[in-house]
Amino acid sequence: MVGELIAIISFIMAVIGALAAIFMKNRDKQTMASVVGVAFLISFFINVNKESLLLLQAACIVAFLLSVVGGTVAIFSNEESKRTGAIVTGVVSLGTSLLILFSYLKFQPF
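Residues numbered from 1 in each chain as written. Predicted model: local features only at pLDDT ≥ 70, side-chain atom pairs only at ≥ 80, totals over all residues. Heavy atoms only, no water.

J.: Before we move on, can you summarise the nonpolar core with the specific residues and values?
T.: With 15 residues, the main nonpolar core has F11, F44, F45, V48, L56 and I100 as its most contacted residues. Contributing elements (two or more residues each) for this core: α1 (2-23), α2 (27-47), α3 (53-76) and α4 (80-104). Those residues in contact with F45 that lie beyond four places of it in its chain are T96, L99, I100 and Y104. (Core = buried A, V, L, I, M, F, W, Y, C linked by side-chain atoms within 4.5 Å. Buried < 20%, exposed > 50% of the residue type's maximum accessible area, 1.4 Å probe, protein only. Helix = DSSP H or I, 4+ residues; strand = E, 2+ residues; numbered from the N terminus. Contact = heavy atoms within 4.5 Å.)

J.: So, α3: which residues are in play, and what are the values?
T.: Working note: α-helix, 3.6 residues per turn, so residues spaced by three or four point in the same direction. If you check α3, its first and last C-alpha atoms are 35 Å apart, about what 24 residues at 1.5 Å a residue would give, namely 34 Å. For α3, every residue scored as buried is listed here: L55, L56, A59, C60, A63, L66, S67, G70, V73 and A74. (Expected span 1.5 Å × (residues − 1).)

J.: Quick rundown of the packing of α1 against α4? Include the residues and the values.
T.: As a packed pair, α1 and α4 sit with axes 7 Å apart at the nearest point and diverge in direction by 150°. Between α1 and α4, the angle is such that the two are roughly antiparallel. Packed against α1, whose contacting residues are A18, A21, I22 and F23, the element α4 presents K82, G85, A86 and T89 at the interface. Broken down by class, the residue content of the contact of α1 with α4 amounts to 5 nonpolar, 2 polar and 1 charged. (Axes fitted to C-alpha atoms, helices over the stretch in contact; angles between N-to-C directions. Parallel < 35°, antiparallel > 145°, perpendicular 65-115°, else oblique. Nonpolar A, V, L, I, M, F, W, Y, C, P; charged D, E, K, R; others polar.)

J.: Now, about the layout of surface pockets: what can you tell me, with residues and values included?
T.: Counted as a void, the largest pocket has a volume near 230 Å³. Lining the largest pocket are 19 residues, and of these A14, A18, T89, V92 and S93 sit closest to its centre. Broken down by secondary-structure element, the contributors of at least two residues to the lining of the largest pocket are α1, α2, α3 and α4. In terms of residue count, the dominant contributor to the lining of the largest pocket is α1 (6 residues). (1 Å grid on protein atoms, 1.4 Å probe; cavity = no way out; pocket = protein on both sides within 12 Å on 5 of 7 lines; lining within 4 Å. Points joined across faces, edges and corners; volume = space filled by probe spheres on them.)

J.: A description of a nonpolar patch on the surface should follow, citing residues and the corresponding values.
T.: A contiguous nonpolar patch, built from I61, F64, L65, V68, L94, L98, F102 and F107 and spanning about 720 Å² of accessible area, is present on the exposed surface. Breaking the nonpolar patch down by element, the ones donating at least two residues are α3 and α4. In terms of residue count, α3 provides more of the nonpolar patch than any other element does, 4 residues in total. Inspection of the secondary structure assignment puts F64 in helix α3. (Patch = residues over 30% accessible without salt bridge, like charges linked within 9 Å, V, L, I, M, F, W, Y side chains within 5 Å. Areas by Shrake-Rupley, 256 points an atom, 1.4 Å probe, with all protein chains shown as cover. Salt bridge = Lys/Arg side-chain N within 4 Å of Asp/Glu carboxyl O.)

J.: Which residues make up the environment of V68, and what values go with them?
T.: Relative to the helices and strands, V68 is located in helix α3. In this structure the C-alpha to C-alpha distance between V68 and I16, which are 52 residues apart in sequence, comes to 15 Å.

J.: Account for unusual backbone geometry, with residues named and values stated.
T.: A positive phi angle is found at K106, which is not glycine, with a value near 55°. By the secondary structure assignment, K106 is in the segment after α4.

Shown next as structure tokens:
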């Protein structure tokens, strides 16, 4: 119960860090937001329970939506620092959603 609560809070903080890394203009703030986001993402994977299917499904969807937002910002942004942060965040978010989908949710396309 406590581990799942910590996992939920960690995932929320990772998403906030990712959004800050995408939308911040200051390069130092983007870097700090990325470090915080990755640290909380690691905490999420440490604390998540493999039997919490609803939590894992929600995290997979949110991570995929975050990767779409990152990709969209990367495509349409004119600022190099925003574009770089959005690309990195989009790739990490897409990797996270695929990791959850294939490792935890046991999705087998073939």
